[in-house]
Amino acid sequence: MARILQVVERNKASKGFRILNYLIDFGFSLMVIWVFIILFAIGRYYIFGVDFDQSAADIDGVDPTVDRVGTLLMYALVLFFIEKLSGGRSLGKLITGTRVVKTDGSELTTDDLLKRNFSRAIPFDAFSFLGDNGWHDRWSNTRVIRVKDFENARNLEKDIQNIGS
């Protein structure tokens, strides 16, 4: 069991922020996925000579289960790369002033972010936030915190430790 710092637990983002993050990130991820689909169709046109109407028909004819699984995997990949490149902040988290941190205060690793983002593929993960922490947070030992409050609390802890030394 991973160590959980109180400063992390006391500064967790509210469920309202979490829902807003999800909505922003989901919408942004869908736009990124559509850009990839358009680039795929353009690539097919220039490399293989397949016209855009045929590419659209091919995409439209994909099995619904394959479509859902593929979209879910692309969504996880998009969020993984964004959070990896930005140190735990997606577009939604940037807008709402939140960030992903490890529960023990250590730096996020690639493994942490992979666990976090690909565990979203578990059915009903979105409903797991009706409890205290979502499954993808619990399984990756991460939390979403309010950056300003978290940094203020960390600085206060450091100041208190400096007084004692």
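Refer to the structure presented above.
Residues numbered from 1 in each chain as written. Predicted model: local features only at pLDDT ≥ 70, side-chain atom pairs only at ≥ 80, totals over all residues. Heavy atoms only, no water.

A.B. asks: Help me understand the nonpolar core in this model?
C.D. replies: If you look at soluble globular proteins, the nonpolar side chains tend to sit buried side by side. Formed by Leu5, Val7, Val8, Val101, Ile145, Val147 and Phe150, the largest nonpolar core amounts to seven residues. Breaking this core down by element, the ones donating at least two residues are helix 1 (6-10) and helix 8 (147-164). Once residues lying within four places of it in the same chain are set aside, the contact partners of valine 7 are Phe150, Ala153, Arg154 and Glu157. (Core = buried A, V, L, I, M, F, W, Y, C linked by side-chain atoms within 4.5 Å. Buried < 20%, exposed > 50% of the residue type's maximum accessible area, 1.4 Å probe, protein only. Helix = DSSP H or I, 4+ residues; strand = E, 2+ residues; numbered from the N terminus. Contact = heavy atoms within 4.5 Å.)

A.B. asks: Before we go on, may I ask you to explain the pattern of salt bridges in this structure?
C.D. replies: Opposite charge on two side chains permits them to pair, given that their charged atoms come into close proximity. In this structure the tally under the stated criterion is 14 salt bridges. For glutamate 157, the salt bridge is made with arginine 10, and the minimal N-O distance between the two is 3.8 Å. Of this pair, glutamate 157 sits in helix 8 while arginine 10 sits in helix 1, and the two are 147 residues apart along the sequence. Overall, glutamate 157 belongs to the partly exposed group, its relative accessible area being 32%. A residue is classified by how much of its surface remains accessible, and arginine 10, at 52% relative accessible area, is exposed. The partner of arginine 146 in a salt bridge is aspartate 149, with the nearest N and O atoms 2.5 Å apart. A relative accessible area of 32% places aspartate 149 in the partly exposed class. Counted as one network, the salt bridges with shared partners bring together Arg18, Asp25, Glu83, Lys93, Arg116 and Asp137. (Salt bridge = Lys/Arg side-chain N within 4 Å of Asp/Glu carboxyl O.)

A.B. asks: I'm lost on helix 4 (residues 64-85) in this one. Help?
C.D. replies: Taking 1.5 Å as the rise per residue, helix 4 with 22 residues should run 32 Å; its terminal C-alpha atoms sit 31 Å apart, in good agreement. Among the structural elements, helix 2 (15-48), helix 5 (91-96), strand 1 (98-102) and helix 6 (110-118) are those in contact with the buried residues of helix 4. The backbone nitrogen of threonine 65 lies 2.9 Å from a side-chain oxygen of the residue at the head of helix 4, namely aspartate 63. (Expected span 1.5 Å × (residues − 1). Polar contact = N/O pair within 3.5 Å; in protein donor to acceptor, adjacent residues only side chain to side chain.)

A.B. asks: Is there a simple way to think about the packing of helix 2 against helix 3 (residues 52-60) in this case?
C.D. replies: Angle between the axes and distance between the axes: these two values describe a pair of packed helices. Contact geometry of helix 2 with helix 3 gives a least axis separation of 9 Å together with a crossing angle of 130 degrees. Between helix 2 and helix 3, the crossing angle belongs to the class labelled oblique. The crossing of helix 2 and helix 3 is right-handed. Along the contact surface, helix 2 presents Ile37, Ala41, Ile42, Arg44 and Tyr45, while helix 3 presents Phe52, Ser55, Asp58 and Ile59. (Axes fitted to C-alpha atoms, helices over the stretch in contact; angles between N-to-C directions. Parallel < 35°, antiparallel > 145°, perpendicular 65-115°, else oblique. Left-handed = near helix turned anticlockwise from the far one by under 90°.)

Read these as spatial facts, not as claims about activity.
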